[in-house]
Amino acid sequence: MGENKIKVLIGKPGLDGHDRGAKVVARALRDAGFEVVYTGLHQTPEQIVATAIQEDVDVIGVSSLAGAHMYLFPRILELLKEQGAEDIPVFGGGIIPDDEIDLLKKAGIKAIFTPGSPVRATVDWIRTNLGK
Amino acid sequence: MSGEKKFDQTDERRQAWEAIYAKAVKKYPERLPQFTTLSNEPIKKLYTPEDLAGFSYQDELGYPGEYPYTRGVQPTMYRGRLWTMRQFAGLGGAEETNARFHYLMEHGETGLSTAFDMPTLMGYDSDSPMARGEVGKCGVAIDTLADMEILFDRIPMDQVTTSMTINPPASILLAMYVAVAEKQGVGRDKIGGTIQNDMLKEFIAQKTFMLPPEPSMRIIVDTVEYCTKEVPRWNTISISGYHIREAGSTAAQELAFTLADGIGYVQACIDRGLDVDDFAPRLSFFFNAHLDFFEEIAKYRAARRIWARVMKNRFKAKDQRSMMLRFHTQTAGCSLTAQQPYNNVVRTACEGLSAVLGGTQSLHTNSLDEVLSLPTEHAVTIALRTQQIIGEEIGVTNTIDPLAGSYFVESLTNEIEGLALEYINKIDDMGGILKAIEMGYPQKEIADAAYTYQKQVDDGEKIVVGVNKYQMDDSLPIELLRIDEVVEKRQLQRLQKIKDTRDSAKVQNCLQAIEAASKNGENLMPHLLEAVKSYVSQQEICDTWRRVFGRYSDPGMF
């Protein structure tokens, strides 16, 4: 059973220290039965992608509440592509206006969860999209 | 005792009322199986004099401006002067933020408050690879004195007080502020303001850190020692619970960890050889105003009482000003919702009112759009008007501490005080706040509380209007502020120009002096002042420190 566990990386890219949401989500995912790797704070996109590949995760979640998501999130997608790992889906969370959510989705971020989203929504989304 | 004076469960009239209540509840059941505060403390249906048995007006309350300051630190409170209305501002470059400062001052703001961008907060210049995508995004970018000169252009620094929310490089920014004031012809003994300078809460909650805890404390004590002698009107540390609460703590945890941090700083300054009464009057506090109205009011009242007693009994302060807990308040950013954002005006008004009824000295009311982006001028004006309405229209400032003596408020104040003291004692038993942080104790307590709260919201046990109740499909569109990419380009050009034109031999000398002082324990402040005047950038100084002291990184627990 453990073999089939979905493995999730929760990453905090950039200099933003607001880790409440990332930690709550990481814990909720673990409680829901996923295997969770949390990067800790202040990671560069390069570090997050390297960890994701090394840990062989099934999905990456990244969180930013300091307004740098429009650089950091697409940069992660770019690096995944360079490493031939673009099959790992990436979702995001944080303070992100609606029109930027659209832009990020166009860039390839699969889903965005803003403050007020129940953590269950993230759990359900992963189950639906990575049903193992 | 006559029946008139008895209020306990055995009293006949009380028993009669309980019977009536029980009958009424049978017909109309209570709305909830259990009533609790936002922090999950149980609330009784009724508070009576029984709850305050043994309560002493003189010992627990005293008069306003008198020990233990439960009723406020000023004898006049808001009958004399309203609190300082200090809206946090920082956006894009120094030019834009300077314009916002002037705008706010023209609209009645009485103190400035500066938000810095993430690279500045973390000790990086705008041209660092670590700064990519973050320059000017959630505050103003300050690399060198040149930026600071623009930031305070046409701001009379002898007339305004300025709060700067900065932590790892706080001493550098303070040096820049002193240098700009001197260029305006204002002596360092004439400037007033606050640097946050609170690293302990960074390790606990906000996570903007650079150096390990020990050297971080040393630099903080340097600023306290320097300001005590040279910048007497400066508030040297703003001991902050705000971020502890935003990270998900309960009200009692916010109070306990903040006061434990305060105790840590006072002890460190005393260990340096400073006299408590020389520096303690310039310590100030910063609390969060969250949604549970009475719990918050009780929190501020308990805070003042605990601090007064700690300073008097534990640290043997003699000066009354050392015992007064003065505080700034900001309404809870984490209570705002992206859904139906106009509701945030109402949340903020209630939170601001609790801060005022709790006796705050200074207040920032959040703008309705802060959950989506930096505030627009329109939104920040509504937030400022909210404070003015509380201060000047609704009458709550007409008498001092109007809720004193309320059975409920005094009971809750006692209860929060007790809960906070339990935590403080536990931290003392661990060997102090630095040890507790190393063990991850406050971090773990806060993460647990945050997780519990999120589950309660997800399960509908705690109501968030517009989010888990009264949802609507379409929300009113609101205008958002965007930071132009031009800011980053202009910032990089300015920094490059400074680096090309400054005296590089002088820069090297300054950095060597800082390195030497960092190693030999000499007070760093005079060296920082010299360096910023020579346009040494803040990252150059911070890199020196990172080399000498090492870095702190997140243990990544969840």
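Look up: the structure comes first, before these words.
Since the model is a prediction, treat every value here as computed from it, not as a measurement. (Residues numbered from 1 in each chain as written. Chains lettered and ligands numbered in written order. Predicted model: local features only at pLDDT ≥ 70, side-chain atom pairs only at ≥ 80, totals over all residues. Heavy atoms only, no water.)

Student: Can you lay out the overall build of chain B for me, pointing to particular residues and giving the numbers?
Tutor: The helix and strand tally for chain B stands at 22 helices and ten strands. Taking 24 Å as the expected radius of gyration for a compact globule of 558 residues, we find that chain B reaches 24 Å, a close match to that expectation. When its C-alpha atoms are laid out on the principal axes, chain B stretches across 85 × 60 × 45 Å. Buried positions account for 60% of the 558 residues belonging to chain B. Expressed as a percentage of contacts within chain B between residues at least 6 apart in sequence, the contacts between residues at least 24 apart total 77%. Across chain B, the 61 positively charged side chains and the 77 negatively charged ones have centroids separated by 2 Å. (Helix = DSSP H or I, 4+ residues; strand = E, 2+ residues; numbered from the N terminus. Rg over C-alpha atoms; globule rule 2.2 N^0.38 Å. Buried < 20%, exposed > 50% of the residue type's maximum accessible area, 1.4 Å probe, protein only. Contact = heavy atoms within 4.5 Å. Lys, Arg positive; Asp, Glu negative; His and termini not counted. Charge placed at Lys NZ, Arg CZ, Asp CG, Glu CD.)

Student: I'd like a description of the sheet that holds strand β4 (residues 161–165) of chain B, backed by residues and values.
Tutor: All names here are of chain B. Reading across the sheet, the five strands line up as β2-β3-β4-β5-β6 and stay open at both edges, with parallel pairing between neighbours. Because the sheet does not close on itself, it has two edges, and the strands there are β2 (88–89) and β6 (234–235). Here β4 pairs with strand β5 (residues 192–195) via four bridges, running parallel. For Thr162, the partnering residue across the bridge sits in β5 and is Gly193. Sitting on the sheet, helix α6 (residues 170–183) touches β4, β5 and β6, and the angle it makes with β4 is about 155 degrees. (Pairing = 2+ DSSP bridges. Axes fitted to C-alpha atoms, helices over the stretch in contact; angles between N-to-C directions.)

Student: For helix α14 (residues 343–357) of chain B, give the residues involved together with the corresponding values.
Tutor: For an α-helix, 3.6 residues make a turn, and residues three or four places apart therefore share a direction. Residue and element names in this part refer to chain B. With 15 residues, α14 should cover 21 Å at 1.5 Å per step; its first-to-last C-alpha distance of 22 Å lies within 8% of that length. Turning to α14, its buried residues are Asn344, Arg347, Thr348, Glu351, Gly352, Leu353, Ser354, Ala355, Val356 and Leu357. Its buried side turned inward, α14 meets β8 (283–289), α12 (293–314), β9 (327–331), β10 (362–364) and α15 (377–392). Directly beyond the C-terminal end of α14, a positive phi value near 90 degrees is found at Gly359. (Expected span 1.5 Å × (residues − 1).)

Student: I'd like to hear about unusual backbone geometry, residue by residue, with values.
Tutor: All names here are of chain B. For the bond running from Tyr67 to Pro68, omega is 0 degrees, close enough to zero to count as cis. Of note, Pro68 is situated in the loop between α2 (57–61) and β1 (84–85). In the Ramachandran plot, Arg154 falls in the positive-phi region, its phi being about 60 degrees despite a non-glycine side chain. Secondary-structure assignment places Arg154 in the loop between α5 (145–151) and β4. Within the chain, Tyr535 stands out as a residue other than glycine whose phi angle is a positive 65 degrees. Structurally, Tyr535 is set in the loop between α21 (525–533) and α22 (538–549).

Student: So, the pairing of β8(B): which residues are in play, and what are the values?
Tutor: All names here are of chain B. Among the seven residues in β8, seven count as buried, and that is most of the element. Pairing analysis gives four bridges linking strand β7 (residues 237–240) to β8, with the strands arranged parallel. Each bridged residue has a counterpart across the sheet, and for Ser240 the counterpart in β8 is Phe286.

Student: Before we move on, could you go through the side chain of B:Glu296 and cite the residues and values that matter?
Tutor: Mapping B:Glu296 onto the fold places it in helix α12. With residues up to four places along the chain from it excluded, the contact list for B:Glu296 reads B:Arg245, B:Ala251, B:Asn288, B:Ala289, B:His290 and B:Ser354.

Student: Got a sec to walk through the nonpolar core? Specific residues and values, please.
Tutor: One finds A:Ile10 and A:Ile126 to be the most contacted residues of the largest nonpolar core, which totals 101 residues. If sequence neighbours within four positions are ignored, A:Ile10 has contacts with A:Ala22, A:Val25, A:Ala26, A:Leu29, A:Val36, A:Val37, A:Tyr38, A:Thr39, A:Gly61 and A:Phe91. Counting residues in each nonpolar core, the second largest holds 65 residues, with B:Met157, B:Val186, B:Ala517 and B:Ala531 among its members. (Core = buried A, V, L, I, M, F, W, Y, C linked by side-chain atoms within 4.5 Å.)

Student: I'd like to hear about the sheet that holds β9(B), residue by residue, with values.
Tutor: Residues and elements named next belong to chain B. A sheet is described by the order of its strands in space; here five strands give the open sequence β1-β10-β9-β8-β7, paired in parallel fashion. Each edge of the sheet is formed by a strand with only one pairing partner; in this case those strands are β1 and β7. As paired strands, β9 and β10 are joined by three bridges and run parallel to one another. Looking at β10, one finds that Thr329 is bridged to Leu363.

Student: Explain the interface of chain B and chain A residue by residue, including any values.
Tutor: Facing 39 residues of chain B, the contacting portion of chain A comprises 34 residues. Together, the buried faces of chain B and chain A total about 3,200 Å²; carbon and sulfur atoms form 57% of this surface. Applying the counting criterion to the chain B and chain A interface returns ten residue pairs in polar contact (both at pLDDT 80 or more). Elements with a minimum of two residues in the side of chain B that touches chain A: α4 (118–122), α7 (199–206), α9 (242–246) and α18 (441–458) of chain B. (Buried area = accessible area lost by both parts, 1.4 Å probe. Polar contact = N/O pair within 3.5 Å; in protein donor to acceptor, adjacent residues only side chain to side chain.)

Student: Break down the environment of B:Asn425 for me, with residues and values.
Tutor: Inspection of the secondary structure puts B:Asn425 in helix α16 (residues 407–430). It is 9.2 Å that separates the C-alpha atoms of B:Asn425 and B:Ala260, two residues lying 165 residues apart in sequence.

Student: Outline the pattern of salt bridges, supporting the account with residue identities and numerical values.
Tutor: Residue and element names in this part refer to chain B. This structure, assessed with the given rule, holds 46 salt bridges over all chains. Two residues, Glu95 and Arg494, come together in a salt bridge whose shortest N-O distance is 2.6 Å. With Glu95 in helix α3 (residues 94–106) and Arg494 in helix α19 (residues 486–501), this residue pair connects regions lying 399 residues apart in the sequence. According to the relative accessible area criterion, Glu95 is partly exposed, its value standing at 28%. Under the relative-accessibility criterion, Arg494 is labelled buried at 15%. (Salt bridge = Lys/Arg side-chain N within 4 Å of Asp/Glu carboxyl O.)

Student: Before we move on, can you summarise the packing of helix α10 (residues 251–272) of chain B against α16(B) with the specific residues and values?
Tutor: The geometry of a pair of packed helices is captured by two quantities: the angle between their axes and the separation between those axes. All names here are of chain B. Axis separation between α10 and α16 bottoms out at 8 Å; the angle between their running directions is 45 degrees. Considering the angle they form, α10 stands oblique to α16. Crossing of α10 over α16 shows right-handed handedness. Contacts from Ala252, Gln253, Leu255, Ala256, Phe257, Leu259, Ala260 and Ile263 of α10 reach α16 at Ile416, Leu419, Ala420, Tyr423, Ile424 and Ile427. (Parallel < 35°, antiparallel > 145°, perpendicular 65-115°, else oblique. Left-handed = near helix turned anticlockwise from the far one by under 90°.)

Student: I'd like to hear about the packing of aromatic side chains, residue by residue, with values.
Tutor: Residue and element names in this part refer to chain B. Under the criterion given, the structure shown has 25 aromatic pairs over all chains. Arranged with centres 5.3 Å apart and planes meeting at 65 degrees, the rings of Phe257 and Tyr423 form a pair that is edge-to-face. Here Phe257, found in helix α10, pairs with Tyr423, found in helix α16; they are 166 residues apart in sequence, far enough to count as distant. Its relative accessible area of 15% is what places Tyr423 among the buried residues. (Phe/Tyr/Trp six-rings, centres within 6.5 Å; stacked < 30°, edge-to-face > 60°.)

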